[in-house]
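# Commentary on secondary and tertiary structure
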Number of protein chains: 2
Amino acid sequence: MSDPLVARLRSALGDGAVVDDADVLDTHRNDHATFCTAGVPRVLVRPSSTDEVVEVLRTAGSFGVPVVTQGARTGLSGAANAIDGCLLLSTSRMNQILEISVEDHVAVVQPGVVNAELSRAVLAKELFYPPDPSSWEMSTIGGNIATNAGGLCCVKYGVTADFVRGLEVVLASGEVVRTGRRAAKGVAGYDLTRLIVGSEGTLGVVTEATLALRPAPEAALTAAATFRSIEDGIAAAAAVMASGLRPSLLEFLDRPTVQAIQSYRDMGLPADAGSMLIAQSDRGPRAAADVAQIAAICLSYGAIDVAEASDAEESRMLLEARRLVNSALEPLGTTLIDDVSVARSQLVPLLRGIAEIGEKYQVLICCPGHVGDGNMHPTVVFDRNDAAAEERALEAFGAVMELGLRLGGTITGEHGIGTLKASWLETELGPVSLELHRRIKHAFDPDNLLNPGKVLR
Amino acid sequence: MSDPLVARLRSALGDGAVVDDADVLDTHRNDHATFCTAGVPRVLVRPSSTDEVVEVLRTAGSFGVPVVTQGARTGLSGAANAIDGCLLLSTSRMNQILEISVEDHVAVVQPGVVNAELSRAVLAKELFYPPDPSSWEMSTIGGNIATNAGGLCCVKYGVTADFVRGLEVVLASGEVVRTGRRAAKGVAGYDLTRLIVGSEGTLGVVTEATLALRPAPEAALTAAATFRSIEDGIAAAAAVMASGLRPSLLEFLDRPTVQAIQSYRDMGLPADAGSMLIAQSDRGPRAAADVAQIAAICLSYGAIDVAEASDAEESRMLLEARRLVNSALEPLGTTLIDDVSVARSQLVPLLRGIAEIGEKYQVLICCPGHVGDGNMHPTVVFDRNDAAAEERALEAFGAVMELGLRLGGTITGEHGIGTLKASWLETELGPVSLELHRRIKHAFDPDNLLNPGKVLR
Ligand SMILES: Cc1cc2nc3c(=O)[nH]c(=O)nc-3n(C[C@H](O)[C@H](O)[C@H](O)COP(=O)(O)OP(=O)(O)OC[C@H]3O[C@@H](n4cnc5c(N)ncnc54)[C@H](O)[C@@H]3O)c2cc1C
Ligand SMILES: Cc1cc2nc3c(=O)[nH]c(=O)nc-3n(C[C@H](O)[C@H](O)[C@H](O)COP(=O)(O)OP(=O)(O)OC[C@H]3O[C@@H](n4cnc5c(N)ncnc54)[C@H](O)[C@@H]3O)c2cc1C
């Protein structure tokens, strides 16, 4: 009658840490990806310590049960989705900030700490943890690490990987390994830290992370500009990047996105805007001059309209258009978010090609993106009640990835593979790299217990 | 009579690319490491293209001959040293800069390009390739990548790994794999690029690299300060790092190093200096203010003497003390250079401990270092003609690594493992990590053909 796996976990971790109620399990099957299938889990476990994670993995291993680690399930690729009969390992109880060292510019955290909590805690000590995925109020550091999350400020500060100094990881075998170091530099052995970062729960469970911090920058000032064409906006973005200004944010919105925002809320965006740029500088005393220089660059590239903030409140308002993208698209239909990333020289062909794909498949594609890094989020918007539209949307979604690859880019700049893009990954990697990936997976997890079927099919 | 391996290589690559003259081979046995044994190579090959590297690896594989890849052999750990009966694969003919893209801030190079050549070529286009190991006039990009080389400007810009976007690598099997991408961001699959970076020729032969560039910074200004004690100098360095100034260089010299420099050349360094800091800012219009602020910080931490440069020439002169370290130590004896890296909070215990080790083993230990990153180069100086001194020097060399590990640091911040520190690596990693390393090595190179015995014994 009673499930022996559940019984064993309860006796090891206590009743409160182990859930097998079908309704609760059901609410934990999915992350935020559209269209990714999710299986029916056998049990959900919430360990509180590394030792308990060891116990969970040993137990799962002895039962031959696959383990899906879950942070906040805000992922966009199905990587955290349940697999039939799996054990869901939630990090929600491992949510302690263990240390913030002002002297070493380092934080040591458990994986379930929410990004925003850490960011606020370090800011209180005048320190800065840059990685800022838009999900930062919900997503966990463990999830950010396992997906190598990006965000708005990567263009200046880099991605999550650039701030991970060292990890404690529990392997499929239940063995515990420490990678990396607290020190800023080190080259002893292979870079296991980087191998775990972005591995989407397929190589091990991250139970502790040592993160690099920086001195807190001053408040950022914003400039925003609209352009007649895609070409003008992209050329201005390239000029900003070439200038040595080091913007702390550089975002792009294409015409359909600008229009969607303006119909959602009147932001005074011109009806003939073919593209829009939003930029920030956080260089303190130089920020005002930076913003003026960015505005001048935009004008010299034919901007219709340029606005410069002179304080934090105006800066926030100018960024609002970017922040409204998700809300503005929601009323228009279901969204499928691409995540292609290309070299900047390929952005115009990418955007032109995306417009063509929209026409070809008769779907709306809105394209906001982290233009400074060439990482765009072409978002296919469609009516999910219309089966034909759904099919066209899925084809357009794939066509965008194909275009990104044709332009020498990648299918995913920051959202990851999960199950959503596992077949596309094979195309991107090619057979030799794919085989190396399989061998690395096998080296870490010979019985394929950790998140099987994710990343590698 | 004739060696069939040599014959086969000659027929594939042409006579000029294959050397089996014993005298020439003998001059290619060693890198710059002191005390690392080197074997007797069977042949030296200088392929000119990826296809030729494939041919070389296939041939070596079919003969079961180990392959040691060599860049400029400036390594400090014996990683490029010959192994008995090995094939030396020199990248000296693969020395083309294939592309410098101003628009994408990217360079594509062959592995044999010398760092300084690339740095100058990109500077001519107002771009900047930051990694600057002191060996930059000699060492190759391939060697820099395979060792993840650091340098003086890492404190602001990061290490070689931070500038490698993608690689072309020939595997032991002769298969060619492309890792990473030209785009700034990407999370498709495991981070094979980072796995290859720092792997010291044990996982594959790098045949092409796509490197990130930045807009060229303005010329740097220098400040230099001497302090009565180690504690004052380290505290001042910590304060500079905490200030948000982002120095582009922050170097430390301890008392024995300052004294060695002053006796080598009269730089006016005070006889009672217990430590010295040299810092730079390259923030253009802000550099003068930065340097003044650094000087003020140093004074507030009790500096005996502070100098601020007001132009490039004065800046160069203030940096001269740092540049003279090697020349100043040379007349004092043979050197064994440690490379420990610790969190900044551990620098005082590290330096105090190093002084104690010097006393205990009765050897001179000079300690210059990249203090901003906590990466120090305690250098044991001894008389190689004195066998007892040599033995004490070797023990001191090991004691320094042991101390670094005890303080939570690493045995190597930038010089790598090679054969010199292979046994110490096992201590640093511990058994679980070591086993993962072996499995990764096996995944890439199942027959252990690439640089066997290096990194992993
Ligand atoms: C509104 C919204 C905005 C977003 N904005 C961004 C953005 O700007 N940039 C961006 O990069 N992403 C963004 N995302 C995607 C998502 O938030 C990130 O991928 C985030 O890092 C996931 O964190 P999580 O805690 O929700 O992880 P989950 O979704 O729970 O898990 C993601 C993956 O990580 C694994 N994992 C989680 N914890 C661990 C652990 N401790 N050890 C090992 N593996 C683990 C899971 O198995 C899974 O494979 C956004 C998502 C939403 C819904
Ligand atoms: C005076 C001096 C100053 C130095 N200063 C610094 C410093 O500031 N910072 C620092 O980090 N190091 C420094 N070093 C160490 C050394 O210069 C670096 O490690 C450098 O990166 C080695 O480059 P190389 O071309 O000489 O490589 P080599 O010494 O020839 O090889 C080093 C390793 O890389 C491998 N390798 C070389 N090319 C390839 C390739 N194409 N594919 C795969 N593997 C390859 C070799 O097999 C070997 O394992 C210094 C050395 C000297 C002598």
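Model, not experiment: these values are computed from the prediction. (Residues numbered from 1 in each chain as written. Chains lettered and ligands numbered in written order. Predicted model: local features only at pLDDT ≥ 70, side-chain atom pairs only at ≥ 80, totals over all residues. Heavy atoms only, no water.)

### Looking at the relation of the copies chain A and chain B
The transformation that overlays chain A on chain B combines an axial shift of 0.0 Å with a rotation of 180 degrees, and the residual RMSD is 0.0 Å. In short, the pair behaves as if placed about a two-fold rotation axis. Here 100% of the interface residues in chain A have copies in chain B that are interface residues too; the copies meet face to matching face. (Least-squares fit on C-alpha atoms with pLDDT ≥ 70 in both. Contact = heavy atoms within 4.5 Å.)

### Some thoughts on the site of ligand 1
All names here are of chain A. Taken together, 33 residues form the shell around ligand 1, and within it Thr69, Gly71, Thr74, Ser135 and Thr140 come nearest. One of the side-chain nitrogen or oxygen atoms of threonine 140 is found 2.7 Å away from an oxygen atom of ligand 1. In terms of residue count, helix α5 (residues 141-147) provides more of the shell around ligand 1 than any other element does, five residues in total. Here the shell around ligand 1 is composed, by residue class, of ten nonpolar, 20 polar and three charged. (Near = heavy atom within 4 Å. Polar contact = N/O pair within 3.5 Å; in protein donor to acceptor, adjacent residues only side chain to side chain. Helix = DSSP H or I, 4+ residues; strand = E, 2+ residues; numbered from the N terminus. Nonpolar A, V, L, I, M, F, W, Y, C, P; charged D, E, K, R; others polar.)

### Details of the site of ligand 2
Residues and elements named next belong to chain B. Of all residues adjacent to ligand 2, which total 33 residues, the nearest are Thr69, Gly71, Thr74, Ser135 and Thr140. Measuring from an oxygen atom of ligand 2, one finds a backbone N or O atom of alanine 79 at 3.4 Å. A distance of 2.9 Å separates an oxygen atom of ligand 2 from a polar atom in the side chain of threonine 147. If you list the elements that add at least two residues to the shell around ligand 2, you get β3 (67-70), α5 (141-147) and β10 (205-212). Ranked by residue count, the leading element in the shell around ligand 2 is α5, at five residues. Looking at the shell around ligand 2 residue by residue, the class counts come to ten nonpolar, 20 polar and three charged.

### Overview of the packing of helix α14 (residues 387-406) of chain A against helix α15 (residues 422-444) of chain A
Residue and element names in this part refer to chain A. At a minimum axis separation of 11 Å, α14 and α15 run at an interaxial angle of 15 degrees. If you check the angle between α14 and α15, you find them roughly parallel. Between α14 and α15 lies a crossing whose hand is right-handed. Here Gly398, Met401, Glu402 and Leu405 of α14 lie close against α15, whose contacting residues are Trp424, Thr427 and Glu428. (Axes fitted to C-alpha atoms, helices over the stretch in contact; angles between N-to-C directions. Parallel < 35°, antiparallel > 145°, perpendicular 65-115°, else oblique. Left-handed = near helix turned anticlockwise from the far one by under 90°.)

### Comments concerning the packing of aromatic side chains
Summed over the entire model, instances satisfying the criterion amount to six aromatic pairs over all chains. Aromatic pair A:Phe35 and A:Phe382: ring centres 5.8 Å apart, planes at 15 degrees, arrangement stacked. Of this pair, A:Phe35 sits in the loop between α2 (22-27) and β2 (43-45) while A:Phe382 sits in strand β20 (residues 379-382), placing them 347 residues apart in sequence. For A:Phe382, a relative accessible area of 4% puts it in the buried group. With a centroid separation of 6.4 Å and an interplanar angle of 75 degrees, the aromatic rings of B:Tyr129 and B:Phe163 are classed as edge-to-face. A residue pair is termed long-range when its members are at least 10 positions apart, and B:Tyr129 in the loop between β7 (127-128) and α5 and B:Phe163 in the loop between α6 (154-157) and β8 (164-170) qualify at 34 residues. B:Tyr129 gets classed as buried once you look at its relative accessible area, which sits at 3%. (Phe/Tyr/Trp six-rings, centres within 6.5 Å; stacked < 30°, edge-to-face > 60°. Buried < 20%, exposed > 50% of the residue type's maximum accessible area, 1.4 Å probe, protein only.)

### Quick notes on the state of the cysteines
Think of a disulfide as a covalent bridge from one cysteine sulfur atom to another cysteine sulfur atom. Following the criterion strictly, the structure yields zero disulfides over all chains and no others. Between A:Cys298, a cysteine without a disulfide, and A:Cys367, which holds the nearest cysteine sulfur, the sulfur-to-sulfur distance is 18 Å. With relative accessibility at 4%, the residue A:Cys298 sits in the buried group. Here B:Cys367 stays free of any disulfide, with the sulfur of B:Cys366 as its closest cysteine sulfur at 8.8 Å. (Disulfide = S-S within 2.5 Å.)

### So, the interface of chain A and chain B
It is common to give the size of an interface as the accessible area lost on bringing the parts into contact. With 70 residues of chain A at the contact, the number on the chain B side is 70 residues. Counting the surface lost from both chain A and chain B, the interface buries some 5700 Å², and carbon and sulfur atoms represent 61% of this. When the area that chain A buries against chain B is broken down by residue, the three leading residues are A:Lys185, A:Val187 and A:Tyr190, summing to 17%. For the interface between chain A and chain B, the tally reads 22 residue pairs in polar contact (both at pLDDT 80 or more). Secondary-structure elements contributing two or more residues to the side of chain A that touches chain B are β9 (176-180), α7 (192-196), β11 (214-215), α8 (230-242) and α15 of chain A. Top element by residues in the side of chain A that touches chain B is α15(A). It accounts for twelve residues. When its residues are assigned to classes, the side of chain A that touches chain B shows 29 nonpolar, 22 polar and 19 charged. (Buried area = accessible area lost by both parts, 1.4 Å probe.)

### Side note on the sheet that holds β20(A)
All names here are of chain A. Read from one edge to the other, the open sheet built from three strands follows the order β16-β20-β17, with strand pairing classed as antiparallel. The sheet terminates laterally at β16 (334-337) and β17 (364-366), the two strands that pair on one side only. Each strand of the sheet is rotated relative to its neighbour by a mean of 30 degrees, with strand direction disregarded. Sheet topology note: the β17/β20 ladder contains three bridges and is antiparallel. Bridge pairing in β20 places isoleucine 365 opposite valine 380. (Pairing = 2+ DSSP bridges.)

### Focus on the pattern of salt bridges
This structure, assessed with the given rule, holds 46 salt bridges over all chains. Between A:Arg194 and B:Asp191 there is a salt bridge, and its shortest N-O distance comes to 3.7 Å. Here A:Arg194, found in helix α7, pairs with B:Asp191, found in the loop between β9 (176-180) and α7 (192-196), and the two come from separate chains. Taking relative accessible area as the criterion, A:Arg194 reaches 12% and is therefore assigned buried. Among the ionic pairs, A:Asp445 bridges to A:Lys441, the shortest N-O distance being 2.7 Å. (Salt bridge = Lys/Arg side-chain N within 4 Å of Asp/Glu carboxyl O.)

### Points about the domain arrangement of chain A
Once the domains are mapped, chain A shows domain 1 (4-90), domain 2 (97-215), domain 3 (221-323) and domain 4 (328-406). The C-alpha-based centres of domain 1 of chain A and domain 3 of chain A are spaced at 44 Å. (Domains from an automatic or database assignment.)

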